[in-house]
Amino acid sequence: MARNLGFVVGFAALICAALLSISAAASIRPISDAHRSAALELFVPIDGSFPSLEETYEALRTFQILGLGKTSDISNATCPVVLDKLRSPTSSPKEFFNALRLNGILGCEIGSQTFENVASHLHALIKDADSLMDLYYSVISLLHIKGQGVSAVLSDAEGVFHSIKALSQSDGRWRYDSNNAESSTYAAGIALEALAAVVSLADAEVDQSKIGIVKHDIEKLFDSIKSYDDGTLYFDEKHVDGSEYKGPLTTTASVVRGVTAFAAVAGKLNIPGDKMLGLAKFFLSIGVPGSTKDLFNQIDALSCLESNRQGFFLWYRISIPLILSLPATVLSLTSKDQLKVEVTTVFGSAAPPLTVILVQASSYDKDTPVLENQELQFDTENNIHYLDILPLKIDVGKYTLEFEISLHDPENLNIYATGGRANALAFLTGTIKVDKAQIGVFDSDAESAATMQKLDLSQDNRISLAANHLQRMRLTFQLVTPLGHNFKPHQVFLKLRHESKVEHIFALESSARQFKIILDFLGLVEKFYYLSGRYEIDLAIGDAAMENSFLRVLGYIDLDLPEPPEKASRPPPQPVDPYSRFGPKPEISHIFRSPEKRPPKELSFSFLALTIVPLVGFLIGLLRLGVNFKGFPSSSVPALFSILFHAGIAAVLLLYGLFWLKLDLFMTLKALGLLGVFLIFVGHRTLSHLASTSAKLKTN
């Protein structure tokens with residue numbers, strides 16, 4: 001059973017893997033609710049706050065871009081920390097930077113005097129700064145102060161601009177400081193963002209020739225961009241120490257932030273829209289990152305590309321990428337699915353008016369197009385372009401689709417980047433017909449005279465065959481697509497399973513437009529371990545494009561094989577079914593000791609009556625002698641204790657009776673302990689009163 005289950009599971013897993021590979025590689029999707037759910041799961045505050053101001057900013061910035069609105073829950077615990085950092089004279093430029101940019105989101109109540117003191121401190125730090133990161137933290141912090149309505153003008157903007165530019169290299173990358181010979185692509189993004197802040201803080205216009213030089217550096221930086229075959233572009237470090245290596249995602253995000261920030265203050269950059277689209281594809285191709293840092297870099301960089309970033313750079317003079325995606329990459333011909341295409345920004349916002357044309361659809365294995373120049377219709381209600389594929393007579397299979405996007409307004413060509421033509425993968429599935437299926441047994445020298453039985457695999461009919469080692473078995477059938485073409489699936493297996501659970505699997509090959517297999521039992525006796533008996537015949541046909549893939553029992557064949565020779569190999573031991581331990585267990589029969597002999601019921605009742613006779617005699621004696629109440633206390637308190645004492649004795653007698661009838665030993669001892677303490681107390685008071693009364697009588 002376990003082995004058969006493993007065959008079924010493996011058979012299904014291969015088909016699912018093929019479909020999943022299509023879904024994963026076919027289409028890049030814009031930011032969705034999956035990213036919002038991931039943000040809420042990854043960014044989890046502890047006691048209302050995050051471990052550091054940097055992590056707090058990354059969380060709140062991600063929430064802000066995704067529209068999750070979580071700032072009010074964190075501001076109460078974070079604003080006091082922000083204020084302490086800004087008022088502390090020992091805070092570093094990085095601490096000022098994290099506190100000020102976080103305050104830009106939270107809007108903490110901070111007086112203008114505090115901002116002025118921080119600005120004065122930052123101006124002093126800029127004069128002595130000799131590293132790129134110190135300059136970056138300082139000028140960006142001043143930019144945030146300017147955003148609070150406080151004067152933060154750089155009087156020596158030209159000098160600061162020159163200090164940052166002096167660290168650049170000829171290939172567009174930057175060094176972290178003058179003592180470090182290694183240059184970094186990540187540092188280039190930091191430097192560009194810092195230069196943009198310097199231009200914004202300058203009290204006069206920065207020399208345009210210097211800005212032109214930086215634009216040229218950006219062009220050189222984009223010359224080193226890396227790419228994948230699908231047009232995805234990204235940046236990575238060349239030769240950087242392990243401690244400074246940031247990875248492609250962090251590096252690309254840094255460059256995107258720097259380029260978009262500098263474009264906001266310097267004007268249009270000479271960067272082709274295809275490259276900005278390739279960068280957007282890189283961020284989206286990651287899917288949903290699994291770490292907070294990666295998710296922040298992905299979302300923040302994409303917000304820069306879509307130009308909806310809130311802050312000081314209110315617009316970016318670069319092309320906004322438009323993403324073409326397929327909501328569904330697996331289409332069913334049986335269900336008459338439509339080919340649907342979405343064209344949106346990276347965050348799923350609606351694109352301007354445009355036309356989507358399916359330039360061609362080609363089989364994945366062949367370059368010959370099966371469909372050309374089909375314009376998709378537009379559904380204004382759902383904002384989706386669609387095409388009915390059923391009338392186009394496209395057969396099942398895997399296809400490469402090539403689309404072209406045409407913007408209706410020519411002015412949008414300078415605003416949006418469509419990338420010219422976009423490619424996507426789609427999988428068309430349908431019901432495959434099993435036709436002309438036959439099975440039969442014949443003698444080795446009489447194949448042409450074989451009597452074949454027809455198989456109807458749409459019905460649950462089973463055949464019964466018999467053969468010996470001198471005969472052969474033949475199985476043939478055809479597979480036909482919905483359009484009548486021959487179909488060759490990925491997997492076609494024939495399995496023979498003996499009564500002893502030994503299995504033999506054979507792969508079928510197609511020839512002359514049909515699948516055919518001939519089993520020569522004479523050549524298979526050793527493989528079958530000379531095991532005669534009944535074999536179950538199973539046929540498995542599966543393909544990702546086949547909606548009716550199946551594993552079906554065709555019937556049985558009784559094989560009469562010769563006796564095994566002495567040195568013949570034995571069948572391998574069959575694995576133990578792991579589920580067998582959950583099956584029914586053998587019934588356990590208990591043998592109890594025979595009960596001992598007991599006296600007759602009449603004798604037992606007679607003995608019970610004899611035991612009660614003394615009690616009856618005692619009661620009769622009390623009635624004859626009379627009850628003496630002369631010693632009973634007359635005062636109210638002693639009388640109460642005497643009544644309680646006698647009631648306690650009665651309760652003990654009653655407890656003995658309950659123990660005999662109902663209670664167990666533990667419950668009886670627990671109750672007896674409580675009654676014993678009660679009797680000791682009230683009995684002591686009663687006996688003390690009687691003793692004092694007796695003493696007084698003797699004295700008198």
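- The name given to the chain in an unreviewed UniProt entry is Dolichyl-diphosphooligosaccharide--protein glycosyltransferase subunit 2, and the organism recorded there is Musa acuminata subsp. malaccensis.
- Heading Subcellular location (unreviewed entry) of the UniProt record for the chain holds this comment: "Endoplasmic reticulum membrane".

**Considerations on the overall build of the chain**
Working step 1: Along the chain, the regular secondary structure elements total 17 helices and 25 strands.
Working step 2: Relative to the compact-globule value of 27 Å for 700 residues, the chain shows a C-alpha radius of gyration of 45 Å, a clear excess of over 25%.
Working step 3: Per-residue burial over the chain gives 43% buried out of 700 residues.
Working step 4: About 38,200 Å² of surface is accessible on the chain, with carbon and sulfur atoms providing 55% of the total.

**Section: helix α5 (residues 93–106)**
Working step 1: Taking 1.5 Å per residue as the helical rise, α5 with its 14 residues ought to reach 20 Å, and the 20 Å between its terminal C-alpha atoms agrees with that figure.
Working step 2: Burial within α5 is extensive, with 11 of its 14 residues counted as buried.
Working step 3: Just beyond α5, the residue with positive phi is Gly107, at close to 65°.

**A short note on a nonpolar patch on the surface**
Working step 1: On the surface, Phe605, Leu608, Ile612, Leu615, Val616, Phe618, Leu619, Ile620 and Leu622 cluster together to form a nonpolar patch covering roughly 850 Å² of accessible area.
Working step 2: Within the secondary structure layout, Phe618 lies in helix α15 (residues 601–625).

**A look at the packing of aromatic side chains**
Working step 1: Summed over all chains, the structure comprises 14 aromatic pairs.
Working step 2: Here Tyr228 and Tyr234 contribute two aromatic rings whose centre-to-centre distance is 5.1 Å and whose plane-to-plane angle is 25°, an arrangement assigned as stacked.
Working step 3: Look at Tyr228 and you get partly exposed, because its relative accessible area is 47%.
Working step 4: Three or more aromatic residues joined by ring pairs make a cluster, and in this case those are Tyr228, Tyr234, Phe282 and Phe283.

**A word on the pattern of salt bridges**
Working step 1: One pass over the full model with this rule turns up 18 salt bridges.
Working step 2: Note that Glu342 and Arg29 form a salt bridge whose closest N and O atoms lie 3.1 Å from each other. A residue pair is termed long-range when its members are at least 10 positions apart, and Glu342 in strand β8 (residues 338–344) and Arg29 in the loop between α1 (2–26) and α2 (33–42) qualify at 313 residues.
Working step 3: Shared partners join several salt bridges into a network, and the residues in it are Glu54, Glu58, Lys94 and Lys293.

**What about the state of the cysteines?**
Working step 1: Summed over the entire model, instances satisfying the criterion amount to one disulfide.
Working step 2: Disulfide pairing is shown between Cys79 and Cys108; the S-S distance is 2.0 Å. The chirality of the disulfide connecting Cys79 with Cys108 is left-handed, given an S-S dihedral of about -80°. Taken together, the residues span a long stretch of sequence, with Cys79 in helix α4 (residues 71–87) and Cys108 in the loop between α5 and α6 (112–128) at a distance of 29 residues. Cys108 matches Cys79 in its accessibility class, with the two residues each being buried.

**So, the confidence of the model for the chain**
Working step 1: When pLDDT is averaged across the chain, the result is 87; 92% of the residues are at 70 or more.
Working step 2: Low pLDDT, under 50, characterises residues 17–26; the stretch is placed with 13 contacts to residues that sit more than four places away or in other chains.
Working step 3: Low pLDDT (under 50) marks residues 308–316, which in the prediction has 24 contacts with non-local residues, meaning those over four places away or in another chain.

**Let's talk about the nonpolar core**
Within soluble globular proteins, side chains that are nonpolar tend to cluster in buried spots.
Working step 1: Within the largest apolar cluster, 106 residues are counted, with the highest numbers of intra-cluster contacts made by Ile145, Ile164 and Trp174.
Working step 2: Among the elements that line this core, the one with the most residues is helix α9 (residues 185–201), at 13 residues.
Working step 3: Each residue touching Ile164, except ones within four places of it in the same chain, is listed here: Leu132, Leu135, Trp174, Ala191, Ala194, Leu195 and Val198.
Working step 4: Ranked by size, the runner-up nonpolar core spans 71 residues in total, among them Val396, Ile432, Leu479 and Tyr535.

**A short note on the sheet that holds strand β17 (residues 451–455)**
Working step 1: Pairing within the open sheet is antiparallel, and its five strands lie in the order β17-β16-β19-β23-β22. Looking at the sheet topology across the chains shown, the edges are occupied by β17 and β22 (509–511). The mean angle between the axes of side-by-side strands here comes to 30°, regardless of whether they run parallel or antiparallel.

**Things to note about the environment of Ala280**
Working step 1: Inspection of the secondary structure assignment puts Ala280 in helix α12 (residues 273–285).
Working step 2: On the accessibility criterion, Ala280 (0% relative accessible area) is buried.
Working step 3: Placed 397 residues apart in sequence, Ala280 and Val677 show a C-alpha to C-alpha distance of 85 Å.
Working step 4: Beyond its immediate chain neighbours, meaning those up to four positions away, Ala280 contacts Leu302, Leu305, Pro321, Ile323 and Val346.

**Quick look at the environment of Asn103**
Working step 1: Positionally, Asn103 belongs in helix α5.
Working step 2: For the pair Asn103 and Gln148, spaced 45 residues apart in the sequence, the C-alpha separation amounts to 9.6 Å.
Working step 3: One polar contact links the side chain of Asn103 to the main-chain amide nitrogen of Cys108, over a distance of 2.9 Å.

**Topic: unusual backbone geometry**
Residues other than glycine predominantly adopt negative phi, and peptide bonds predominantly adopt the trans conformation.
Working step 1: Despite not being glycine, Asn383 shows a phi value in the positive range, around 55°.
Working step 2: Of note, Asn383 is situated in the loop between β11 (377–379) and β12 (384–388).

**What to know about the pairing of strand β15 (residues 421–429)**
Working step 1: The element β15 is largely enclosed, with a buried count of seven among its nine residues.
Working step 2: Sheet topology note: the strand β7 (residues 330–332)/β15 ladder contains three bridges and is parallel. Among the inter-strand pairings, Ser332 is bridged to a residue of β15, identified as Thr429.

**Description of the sheet that holds β15**
Working step 1: Strand order in this open sheet of five strands is β7-β15-β13-β9-β10, and the pairing throughout is mixed. With one partner strand each, in any of the chains shown, β7 and β10 (369–375) form the two edges of the open sheet. Averaged over all pairs of adjacent strands, the angle between their axes in this sheet comes to 30°, without regard to strand direction.
Working step 2: Pairing analysis gives five bridges linking strand β9 (residues 354–363) to β10, with the strands arranged antiparallel. From the neighbouring strand, Ala361 faces β10, where its bridge partner is Leu371.

**Examining the side chain of Ser168**
Working step 1: Looking at the secondary structure, you find Ser168 in the loop between α8 (157–165) and β1 (174–175).
Working step 2: At a separation of 2.7 Å, a polar atom in the side chain of Ser168 contacts the side chain of Lys165.
Working step 3: In contact with Ser168, not counting residues within four places along its chain, are Arg173, Trp174 and Asp217.

**Some thoughts on the side chain of Glu193**
Working step 1: Looking at the secondary structure, you find Glu193 in helix α9.
Working step 2: There is a polar contact of 3.5 Å between the side chain of Glu193 and the side chain of Tyr136.

**A few points about helix α13 (residues 292–306)**
Working step 1: A rise of 1.5 Å per residue sets the reference length of α13, with its 15 residues, at 21 Å; its end C-alpha atoms lie 21 Å apart and thus fit the reference within 8%.
Working step 2: Of all the 15 residues making up α13, 12 are buried; the element is thus mostly covered by neighbouring parts of the structure.
Working step 3: Taken residue by residue, α13 has Leu295, Phe296, Asn297, Gln298, Ile299, Asp300, Ala301, Leu302, Ser303, Cys304, Leu305 and Glu306 as its buried positions.
Working step 4: Each element contacted by the buried residues of α13 is listed here: α2, α3 (53–66), α11 (248–266), α12 and β5 (320–321).
Working step 5: Once α13 ends, the next one or two residues include Ser307, with phi positive near 65°.

Each value, and the rule that gives it
Residues numbered from 1 in each chain as written. Predicted model: local features only at pLDDT ≥ 70, side-chain atom pairs only at ≥ 80, totals over all residues. Heavy atoms only, no water. UniProt positions renumbered as here; feature names shortened; annotations may be inferred. Helix = DSSP H or I, 4+ residues; strand = E, 2+ residues; numbered from the N terminus. Rg over C-alpha atoms; globule rule 2.2 N^0.38 Å. Buried < 20%, exposed > 50% of the residue type's maximum accessible area, 1.4 Å probe, protein only. Areas by Shrake-Rupley, 256 points an atom, 1.4 Å probe, with all protein chains shown as cover. Expected span 1.5 Å × (residues − 1). Patch = residues over 30% accessible without salt bridge, like charges linked within 9 Å, V, L, I, M, F, W, Y side chains within 5 Å. Salt bridge = Lys/Arg side-chain N within 4 Å of Asp/Glu carboxyl O. Phe/Tyr/Trp six-rings, centres within 6.5 Å; stacked < 30°, edge-to-face > 60°. Disulfide = S-S within 2.5 Å. pLDDT = per-residue confidence, 0-100. Contact = heavy atoms within 4.5 Å. Core = buried A, V, L, I, M, F, W, Y, C linked by side-chain atoms within 4.5 Å. Pairing = 2+ DSSP bridges. Axes fitted to C-alpha atoms, helices over the stretch in contact; angles between N-to-C directions. Polar contact = N/O pair within 3.5 Å; in protein donor to acceptor, adjacent residues only side chain to side chain.

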